[in-house]
Amino acid sequence: MDATDPLDQAKAIADAIERIANQLTPAVIRAARNDGEGRNDLDRIEYALGTIGKALILTDYTIDEEKDMDKLQAFRDSQQT
C-alpha cells in the first residue's frame, strides 16, 4: 500500500498518538506548567487534541470532503479568537 493511503495514515497517527500519550506524564506536565515556553507547548498540545476531537466528531460519514473541511476550518478559526 501507498504511504499516503488513508487507512495507513490513520494507523500511523493512532500509533504516534499512543506513543506520545505515554510520554505525557504528570511530571512532564508539571515541569511544562512551570515554564513560559512549556506552557505554550501545553497550549499547543491542548489545541491539537481539541482539533483532533472536533475532526472526529464533525467529519461526516458521507463523501463530502469539502463540507467536512469547511466545518473543521470554521472550528479552527473560532479557536484563534
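Thresholds applied
Residues numbered from 1 in each chain as written. Predicted model: local features only at pLDDT ≥ 70, side-chain atom pairs only at ≥ 80, totals over all residues. Heavy atoms only, no water. Helix = DSSP H or I, 4+ residues; strand = E, 2+ residues; numbered from the N terminus. Expected span 1.5 Å × (residues − 1). Buried < 20%, exposed > 50% of the residue type's maximum accessible area, 1.4 Å probe, protein only. Patch = residues over 30% accessible without salt bridge, like charges linked within 9 Å, V, L, I, M, F, W, Y side chains within 5 Å. Areas by Shrake-Rupley, 256 points an atom, 1.4 Å probe, with all protein chains shown as cover. Salt bridge = Lys/Arg side-chain N within 4 Å of Asp/Glu carboxyl O. Lys, Arg positive; Asp, Glu negative; His and termini not counted. Charge placed at Lys NZ, Arg CZ, Asp CG, Glu CD. Axes fitted to C-alpha atoms, helices over the stretch in contact; angles between N-to-C directions. Parallel < 35°, antiparallel > 145°, perpendicular 65-115°, else oblique. Left-handed = near helix turned anticlockwise from the far one by under 90°. Contact = heavy atoms within 4.5 Å. Nonpolar A, V, L, I, M, F, W, Y, C, P; charged D, E, K, R; others polar.

A. Geometry of helix 3 (residues 36-58). In this model, helix 3 (23 residues) spans 32 Å end to end at C-alpha, consistent with the 33 Å of a helix rising 1.5 Å per residue. If you check which residues of helix 3 are buried, you get G38, L42 and T51.

B. Broad picture of a negative patch on the surface. Together, D64, E65, E66 and D70 make up a negatively charged patch on the protein surface. Examined against the element boundaries, D64 turns out to sit in the loop between helix 3 and helix 4 (65-80). For D64, a relative accessible area of 33% puts it in the partly exposed group.

C. Focus on the pattern of salt bridges. Applying the stated criterion across every chain, the model contains two salt bridges. A salt bridge links K11 to D15, with the nearest nitrogen and oxygen atoms 3.2 Å apart. Of this pair, K11 and D15 are both found in helix 1 (residues 6-23), four residues apart, which corresponds to roughly one turn of the helix. Of the residues examined, K11 reaches a relative accessible area of 53% and is grouped as exposed. Salt-bridge contacts for R44 lead to D41; the nearest nitrogen and oxygen are separated by 3.2 Å. One end of the pair, R44, and the other, D41, are both in helix 3, three residues apart, so they sit about a helical turn from each other. Assessed through its relative accessible area of 55%, R44 is described here as exposed. For D41, a relative accessible area of 30% corresponds to the partly exposed category.

D. Structural detail: the packing of helix 3 against helix 4. In contact at an axis separation of 10 Å, helix 3 and helix 4 are set at 150° when each is read in the N-to-C sense. Between helix 3 and helix 4, the angle falls in the class roughly antiparallel. In the packing of helix 3 onto helix 4, the handedness of the crossing is right-handed. Taken together, the residues of helix 4 that come into contact with helix 3 (itself represented by Y47, G50, T51, K54, A55 and L58) are D68, K71, L72, F75, R76, Q79 and Q80. Along the lines of polarity and charge, the residues of the contact of helix 3 with helix 4 split into five nonpolar, four polar and four charged.

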